[in-house]
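Topology and contacts: notes
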Amino acid sequence: QVQLVESGGGLVQAGGSLRLSCAASGRTFSRYAMGWFRQAPGKEREFVAGISRNGGTTSYVDSVKGRFTISRDNAKNTVSLQMNSLKPEDTAVYYCAAAYMRDATQIVTPTPNSYDYWGQGTQVTVSS
């Protein structure tokens, strides 16, 4: 099993930046593709970004392309989401998720059901 703990959320003004981190337990972190999702009040959980096991392949939802960057450090069992040029519509609870993948270069289908493990989430609020 993998346990995930997010950190780094907070309140920021529009145009500002935040860096979210997700720490994973266990010795098999490198066997999991990782993703970030978000959920705003009254809305469904939305895919934000994904990264392959080896970090060489990434994907993003169109609304964050060019502003957000996902990365991972397999030696430290962490995955991060650098968020720049934040907008009020980025306000949501952000979740880290892990999916077991045999192929180290593939990313996961960007739907919540494709992921096996989830963190508790961290709140990001962007004021206008």
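Here we summarise the structure given alongside this text. (Residues numbered from 1 in each chain as written. Predicted model: local features only at pLDDT ≥ 70, side-chain atom pairs only at ≥ 80, totals over all residues. Heavy atoms only, no water.)

What about the overall build of the protein chain?
Broken down by element type, the protein chain carries 0 helices and 11 strands. From first element to last, N terminus to C terminus, the protein chain shows the α and β order β-β-β-β-β-β-β-β-β-β-β. Whereas a compact globule of 128 residues would reach a radius of gyration of roughly 14 Å, the protein chain reaches 14 Å, a difference of no more than 12%. Across its three principal directions, the C-alpha atoms of the protein chain cover 40 × 25 × 25 Å. Looking at the protein chain as a whole, 41% of its 128 residues are labelled buried. For the protein chain, the accessible area works out to roughly 6,600 Å², and carbon and sulfur atoms hold 44% of it. (Helix = DSSP H or I, 4+ residues; strand = E, 2+ residues; numbered from the N terminus. Rg over C-alpha atoms; globule rule 2.2 N^0.38 Å. Buried < 20%, exposed > 50% of the residue type's maximum accessible area, 1.4 Å probe, protein only. Areas by Shrake-Rupley, 256 points an atom, 1.4 Å probe, with all protein chains shown as cover.)

What to know about the sheet that holds strand β8 (residues 78–83)
Across the sheet, which stays open at both edges, the 4 strands sit in the order β1-β3-β8-β7 with antiparallel pairing between neighbours. One side of each edge strand has no neighbouring strand; the edge strands of this open sheet are β1 (4–7) and β7 (68–73). Ignoring strand direction, the axes of neighbouring strands in this sheet form an average angle of 15°. In the sheet, β1 pairs with strand β3 (residues 18–24) via 4 bridges, with the strands oriented antiparallel. When the bridges of β3 are listed, Ser7 appears paired with Ser21. (Pairing = 2+ DSSP bridges. Axes fitted to C-alpha atoms, helices over the stretch in contact; angles between N-to-C directions.)

Focus on the pairing of β7
Taking every second residue as pointing to the same face, the buried face of β7 carries Phe68, Ile70 and Arg72, while none of Thr69, Ser71 and Asp73 on the other face is buried. Two strands pair when backbone bridges link them, and β7 and β8 are joined in this way by 6 bridges, in the antiparallel orientation. Paired with Ile70 across the two strands is Leu81, which belongs to β8.

What about the pattern of salt bridges?
One pass over the structure, following the stated rule, counts 4 salt bridges. Between Arg38 and Glu46 there is a salt bridge, and its shortest N-O distance comes to 2.8 Å. Residue classification places Arg38 among the buried residues on the basis of a relative accessible area of 7%. On the basis of relative accessibility, which here comes to 30%, the residue Glu46 falls in the partly exposed class. Asp90 is paired through a salt bridge with Arg67; the nearest N and O atoms lie 2.8 Å apart. (Salt bridge = Lys/Arg side-chain N within 4 Å of Asp/Glu carboxyl O.)

Quick look at the environment of Gln13
Mapped onto the elements of the fold, Gln13 is located in strand β2 (residues 10–13). Note: C-alpha distance between Gln13 and Val79 (66 residues apart in sequence) is 24 Å. Apart from residues no more than four positions distant in its own chain, Gln13 is found in contact with Val126 and Ser127. (Contact = heavy atoms within 4.5 Å.)

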